[in-house]
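This is what each chain is made of:
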Amino acid sequence: MPNMSEKEILYFLESKDANDLIYLINKAGRVREKNIGNVVYARGLIEFSNICSKDCFYCGLRRSNRKVNRYHLSKDEILLLANTAYKNGFHSIALQSGEIPTESEVDFLADVIYEIKKTTSQNNDPGLGITLSIGELTFSQYKKLYDAGAHRYLLRIETSNPDLFARMHPPEQSFQKRLECLYALKEIGYQVGTGVMIGLPHQSYENLACDLKFFLDFDIDMLGMGPYIPHPDTPLAQESKIKIDPYISTVKMISLARILMPDINIVASTALQTIHPEGLKMGLKAGANIVMPVLTPEERREDYSLYTGKKYTPFNDLFNQIQKAGFEIVLWKWGDPPHWYKRHNLTYIPK
Ligand code: SF4
């Protein structure tokens, strides 16, 4: 691996020495400063549906969880949220939902995306940048959404270890299929993001080191990693073999990712902010440069429960915390990952 050997990576992941953690964060901070500066971009997160056809063992939205009050926002509701985001200076939104891989759902979303682009693009303004996070679809479905105007896609691999993946998912959900989806997204031209959960039952530091290698080998543009926070209504919450600290290990993983991949976008996830009061600050200091303030209507937020106790920070508080941590929140810009431009031999012009 560049910048750091595999042995060093494992050393830092395993170390209990606070000085090693400080060293790692400081090193990542210098890499960040040199490559992307102290800026933080916001993606307004719209969780437009909690309906899901999948049954991931760790997720509160899994189809077998009968306690969930299912919802799906209408086209008008999504457009209103997107336009409000745009008027408030968020130049990017993320549309997220459970997995609904039907043609009618994809057509619905393509129509929504097309409409958002149409209403927000004018003259030289490219309008809202749209990130999707809606799971595994077919190549042609991904292409339809890309052609409608979405240009980033987040699909977390959750772990790069196939055996661990199999412990977290029912047999019909395969690691291979997830990989194929990631390659399809890349081939189509999306800015592709993935990520893992940290602190899972049976997960080892070696697994985390392999995750970093996976990100490098796949040549990702964006990364979203979060600590594993159990949801009581899921099978994985019954497992107790957790060997690693989810909070500190997430901070370390962000630092290592920034050192190894200087020009990608890295999210300071809501899960990181939920698990520790200093999660946001530590995530940013460790090298994260993206936050995802939640725009989902308040009356629906309780129903979008991937894990327990999800934290919702009002924009002003979030922006104050970012500034207090020494970073500058940037509005009216897409904030694309410079790495995608490098991959395509294009000059990176922030827009
Ligand atoms: S992680 Fe995603 S695909 Fe899996 S059950 Fe939850 S919402 Fe559905």
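Only a predicted model underlies this, so the values are computations on that prediction, with no experimental measurement involved. (Residues numbered from 1 in each chain as written. Predicted model: local features only at pLDDT ≥ 70, side-chain atom pairs only at ≥ 80, totals over all residues. Heavy atoms only, no water.)

> Looking at this structure, I do not really get helix α1 (residues 6-14). What am I missing?
Note that an α-helix has 3.6 residues per turn; residues three or four places apart therefore point the same way. Three or more residues of α1 are buried, namely I9, F12 and L13. Looking straight down α1, one finds its buried side chains confined to an arc of 100 degrees; they lie on one side. Tucked inside the fold, the buried residues of α1 contact α2 (18-35), α8 (205-218) and α9 (246-260). (Buried < 20%, exposed > 50% of the residue type's maximum accessible area, 1.4 Å probe, protein only. Helix = DSSP H or I, 4+ residues; strand = E, 2+ residues; numbered from the N terminus. Arc of directions from axis to C-beta. Contact = heavy atoms within 4.5 Å.)

> Any chance you could explain unusual backbone geometry here in plain terms?
Peptide bonds are, in most cases, trans, and in most cases residues other than glycine have a negative phi. The backbone phi angle of E158 is positive, close to 70 degrees, even though this residue is not glycine. Mapped onto the secondary structure, E158 falls in the loop between β5 (152-154) and α6 (162-168). Taking relative accessible area as the criterion, E158 reaches 9% and is therefore assigned buried. Look at N345: it is not a glycine, yet its phi comes out positive at around 50 degrees. Looking at where N345 falls in the secondary structure, it is placed in the segment after α14 (338-343). Exposure remark for N345: the relative accessible area of 74% places this residue in the exposed category.

> So what exactly am I meant to see when it comes to the site of the ligand here?
The local shell around the ligand consists of C52, K54, C56, Y58, C59, R62 and G98. Assessed atom by atom at 2 Å from the grid points, the ligand resides in the largest cavity. Considered class by class, the residues forming the shell around the ligand number 4 nonpolar, 1 polar and 2 charged. (Near = heavy atom within 4 Å. 1 Å grid on protein atoms, 1.4 Å probe; cavity = no way out; pocket = protein on both sides within 12 Å on 5 of 7 lines; lining within 4 Å. Sits in = over half its atoms within 2 Å of the grid points. Nonpolar A, V, L, I, M, F, W, Y, C, P; charged D, E, K, R; others polar.)

> What's the story with empty space enclosed by the protein in this structure? I'm lost.
A probe as big as a water molecule, rolled over the atoms, marks out the empty space that is left. Applying the stated criterion to the full structure yields 3 cavities of 30 Å³ or more. Forming the boundary of the largest cavity are 41 residues, of which Q96, S133, R156, E158 and L306 lie nearest the centre. Every element with two or more residues in the lining of the largest cavity is listed here: β2 (44-49), β3 (92-97), β8 (222-227) and α10 (270-275). Tallied by class, residues from the lining of the largest cavity come to 20 nonpolar, 11 polar and 10 charged. By volume, the second largest cavity amounts to about 80 Å³. For the second largest cavity, the full set of lining residues is R43, T131, L154, M222, N265, V267, I290 and M292. Here the residues of the lining of the second largest cavity are counted per class, giving 5 nonpolar, 2 polar and 1 charged. (Points joined across faces, edges and corners; volume = space filled by probe spheres on them.)

> How should I be thinking about the packing of aromatic side chains in this particular structure?
When we look at a pair of aromatic rings, we describe it by the centre distance and by the angle of the planes. In this structure the tally under the stated criterion is 14 aromatic pairs. For the ring pair F90 and F319, a centre distance of 6.3 Å and an interplane angle of 40 degrees mean the geometry is tilted. Placement of the pair is F90 in the loop between α3 (75-87) and β3 and F319 in helix α13 (residues 315-324), with a sequence separation of 229 residues. By relative accessible area, F90 is classed as buried at 2%. Look at F319 and you get buried, because its relative accessible area is 14%. Relative to F319, the ring of F315 lies with its centre 6.4 Å away and its plane at 15 degrees, an arrangement referred to as stacked. Here F319 and F315 lie together in helix α13, a separation of 4 residues that amounts to about one turn. Among the aromatic side chains, those forming a connected cluster through ring pairs are Y142, Y146, Y153 and Y190. If you follow K186 out to its NZ or CZ, it ends over the ring of F218, 4.3 Å from the centre. (Phe/Tyr/Trp six-rings, centres within 6.5 Å; stacked < 30°, edge-to-face > 60°. Lys NZ or Arg CZ within 6 Å of the ring centre and 35° of its normal.)

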